[in-house]
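The chain contents come next:
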Amino acid sequence: MLKAKVIRTDAGLQDRVHVPLVAASLALGTLGGFVLAVTLPTVAASGGMDARWVAQAQVHGHLQVVGFAGIFVLAMALRVAPRFAQRPQAHPRLVLPALALLVAGLLLRALGQPFVDQPGFEALLVAGALAEVLALAAFAAVLWTTLRPALLRGDPSSLLLSAAVFWMVVQAVLGAWWLTELARGAGVILEQRRNALLVNLQFFGVLLSAILGVGLRSFPMLFGLQRTPPAAGRAVFIALQVGLLLWLAGALAGLAGPPGATAGRLQGLGLAGMGLTTGAAVATFGVRRLALRGLGAGSGPPRGLALSLMTVLAWLVVTAAGLAWVGGHAALEGTLAAREVDAVRHVFALGVVSLAIVTMAQVMLPEFASERVLRPPPAWRAAAFAAVLSLAAVLRGGVPLTGLDADVYYGAMALAGVLALAAVTWFALLYVRARRWHVAYTSRVAAARPGGQALPVVSRRG
């Protein structure tokens, strides 16, 4: 028997709110952060390291974490927050001005810091830092107001997303304070302990909270499994924030005076706690069942995307193990190994965050949903992203720990940057194409039914 079902084709704000943020994220990554990831080790290999090189390395990290990854996190948070809270997005008119202010702040910092010792550039640096604070405060207001009903219910994913935005604002305020001091004549390099505090707060306060917040809900949902119990999700939230606070207490203690064993042990306990919490969170996803469902013929994303999602989880487990190992060693010895922490950060950045961006976007964004309807992508595409970004994670996170000579070390870093730049540029081109198809497809659907409300689609049942 033929029956009609209705497909909603609302192309309103909820369908478009993420678009400018995704575009800004990809532009900052492909034209800024990943380009520096290639050029900086190349310059270092030729003996060109100086104070400006270090300043540009700090800019690279900020562009990647707050620009590329951070703005993409905001894009996805704005898209999922109304679903978590079951209410419309609050203050939608704040989004575009806040984005423009954030992008301006990032660009002003990128331009101002390496030349802050030159007349006029100190004003650019301070203006950029303050613009980031105002922009991120606006995003926080939008998201916290939208998520308020879910936060009152104690929804774990909403708690973790809110924590990610909170730490994003905290690092912006600290950065503005310290960069203002830098602009007053302290040189072009942000003091290493301060920079490390900001970077770790961005990675493990912002990005790890966001990844776990989305993962607790999305992974079971995508594979048709039972949701993570709310009590378990809240335990993950509490444990992760406790680990962050322990680490932050140690980092701040280290800033107050000469590095000491107490500060190192506190940071180690915090990192180890975050690692163990991340491992426990992954276990709540039901990894074994996810693997069976993802590799089988049951419900869930297409096979290629399912394999890519499993690769994200595998790298998240590696990150958890790395944090637990490095943190445990520091807790025992009283000294935090900076190179090992940097390796864990880059494994997380490439294997988890970058791969999650290109994979979850293909699963969740409406542009790629339209692509699957109009021209289903080849199964190898998602696997190619997983392979390229996994190799980049090995080269950038693993090779520097082998003790090889400087030429191999910097060569591996540059090659990792080339691979990541190629992958994200390819993804950006795919997104532009998918967006064009999506707009044309939804326009045709809207024209088929006046008002753009719905399109009757004939389906065969029974």
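The rules behind these values
Residues numbered from 1 in each chain as written. Predicted model: local features only at pLDDT ≥ 70, side-chain atom pairs only at ≥ 80, totals over all residues. Heavy atoms only, no water. Helix = DSSP H or I, 4+ residues; strand = E, 2+ residues; numbered from the N terminus. Contact = heavy atoms within 4.5 Å. Areas by Shrake-Rupley, 256 points an atom, 1.4 Å probe, with all protein chains shown as cover. Buried < 20%, exposed > 50% of the residue type's maximum accessible area, 1.4 Å probe, protein only. 1 Å grid on protein atoms, 1.4 Å probe; cavity = no way out; pocket = protein on both sides within 12 Å on 5 of 7 lines; lining within 4 Å. Points joined across faces, edges and corners; volume = space filled by probe spheres on them. Nonpolar A, V, L, I, M, F, W, Y, C, P; charged D, E, K, R; others polar. Phe/Tyr/Trp six-rings, centres within 6.5 Å; stacked < 30°, edge-to-face > 60°. Salt bridge = Lys/Arg side-chain N within 4 Å of Asp/Glu carboxyl O. Axes fitted to C-alpha atoms, helices over the stretch in contact; angles between N-to-C directions. Parallel < 35°, antiparallel > 145°, perpendicular 65-115°, else oblique. Left-handed = near helix turned anticlockwise from the far one by under 90°. Expected span 1.5 Å × (residues − 1). Bend = angle between axes of the 7 residues up to and from the residue. Polar contact = N/O pair within 3.5 Å; in protein donor to acceptor, adjacent residues only side chain to side chain.

**Q** Explain the overall build of the protein here, please?
**A** Each helix and strand counted, the protein has 15 helices and two strands in total. Put simply, of all contacts in the protein between residues at least 6 apart along the chain, 82% involve residues at least 24 apart. A total of about 19,300 Å² of accessible surface is found on the protein, and carbon and sulfur atoms cover 68% of it.

**Q** Can you walk me through the environment of A45 in this structure?
**A** Its location among the elements puts A45 in helix α2 (residues 19-45). Judged by relative accessible area, which is 40%, A45 ranks as partly exposed. Considered as a pair, A45 and Y409 are 364 residues apart in the sequence and their alpha carbons are 8.7 Å apart. Each residue touching A45, except ones within four places of it in the same chain, is listed here: D407 and Y410.

**Q** Looking at this structure, I do not really get empty space enclosed by the protein. What am I missing?
**A** Gaps between atoms show up when a probe of the same size as a water molecule is rolled over them. In total, this model carries six cavities of 30 Å³ or more according to the counting rule given. Approximately 310 Å³ is the volume found for the largest cavity. Every residue lining the largest cavity is counted, 22 residues in all, and those nearest its centre are A210, I211, V214, A356 and M360. Sorting the residues of the lining of the largest cavity by element identifies α3 (51-85), α7 (192-222), α11 (303-333) and α12 (338-364) as the ones contributing at least two each. Broken down by class, the residue content of the lining of the largest cavity amounts to 21 nonpolar, one polar and no charged.

**Q** Help me out: how do you make sense of the packing of aromatic side chains in this one?
**A** Two descriptors summarise a pair of aromatic rings, namely the distance from one centre to the other and the angle between the planes of the rings. Per the counting criterion, the structure on display carries 13 aromatic pairs. With 6.2 Å between their ring centres and 35° between their planes, F204 and F348 make a pair best called tilted. One end of the pair, F204, is in helix α7; the other, F348, is in helix α12, and 144 residues separate them in sequence. Each member of the pair, F204 as well as F348, is classed as buried. For the ring pair F385 and W426, a centre distance of 4.4 Å and an interplane angle of 25° mean the geometry is stacked. You can see F385 sitting in helix α14 (residues 380-398) and its partner W426 sitting in helix α15 (residues 406-448), a full 41 residues away along the chain.

**Q** How should the pattern of salt bridges be read in this particular structure?
**A** A side chain of one charge can pair with a side chain of the opposite charge if their charged atoms are brought near each other. Under the definition given, this model contains 10 salt bridges. Here D342 ties to R345 by a salt bridge, and the two come within 3.1 Å at their closest N and O atoms. One end of the pair, D342, and the other, R345, are both in helix α12, three residues apart, so they sit about a helical turn from each other. Note on D342: relative accessible area 18%, which makes it buried. Ionic pairing is found between D342 and R396, a salt bridge with its closest N-O pair at 3.3 Å. Placement of the pair is D342 in helix α12 and R396 in helix α14, with a sequence separation of 54 residues. Assigned by exposure class, D342 and R396 land together as buried. Through salt bridges that share partners, D155, R217 and R227 make up one connected network.

**Q** What is the right way to look at the packing of α7 against helix α9 (residues 261-284) in this model?
**A** Two measures define how a pair of helices packs: the angle their axes make with one another and the distance between the axes. Running from amino to carboxyl end, α7 crosses α9 at an angle of 15°, the nearest separation of the two axes being 10 Å. By the angle class used here, α7 and α9 are roughly parallel. Between α7 and α9 lies a crossing whose hand is left-handed. Contact with α7, carried on its side by F204, L208, L212 and L216, involves L271, M274, T278, A281 and T284 of α9 and no other residues of that element. Residues belonging to the contact of α7 with α9 are distributed by class as follows: seven nonpolar, two polar and no charged.

**Q** Could you clarify how one ought to interpret helix α5 (residues 121-153) in this entry?
**A** Residues spaced three or four apart along an α-helix point in a common direction, a consequence of the helix completing one turn every 3.6 residues. Look at α5: 47 Å from first C-alpha to last across 33 residues, which is about the 48 Å you get at 1.5 Å a residue. Remark: the principal bend of α5, roughly 55°, maps to L147, with a proline, P149, within the next four residues. One or two positions beyond α5, positive phi appears at G154, with a value near 75°.

**Q** I would appreciate a short explanation of helix α6 (residues 156-183) in the present structure.
**A** The end-to-end C-alpha distance of α6 is 40 Å, a good match for the 40 Å that 28 residues give at a rise of 1.5 Å each. Of all 28 residues making up α6, 22 are buried, and the element is well covered by its neighbours. Positive phi appears at G185, one or two residues downstream of α6, with a value of about 120°.

**Q** So what exactly am I meant to see when it comes to the packing of α7 against α12 here?
**A** One way to put it is that α7 packs onto α12 with a least axis distance of 11 Å and a crossing angle of 40°. When the axes of α7 and α12 are compared, the pair comes out oblique. Viewed along their axes, α7 and α12 form a crossing whose handedness is left-handed. In this structure, α7 uses V199, N200, F203, F204, L207, L208, I211, V214, S218 and L222 to contact α12, whose residues at the interface are V341, R345, F348, A349, V352, V353, A356, M360, V363 and M364.

**Q** Looking at this structure, I do not really get the environment of S308. What am I missing?
**A** With respect to the element layout, S308 can be found in helix α11. Residue class for S308 comes out buried when judged on its relative accessible area of 1%. Among residues more than four places away in sequence, those in contact with S308 are L355, T359, A382 and A386.

**Q** Help me understand the side chain of T278 in this model?
**A** Its place among the elements puts T278 in helix α9. Assessed through its relative accessible area of 1%, T278 is described here as buried. In terms of polar contacts, T278 uses its side chain to reach the backbone carbonyl oxygen of M274, at 2.8 Å. Leave out the neighbours within four places in its chain, and T278 touches L208, L212, L316 and A320.

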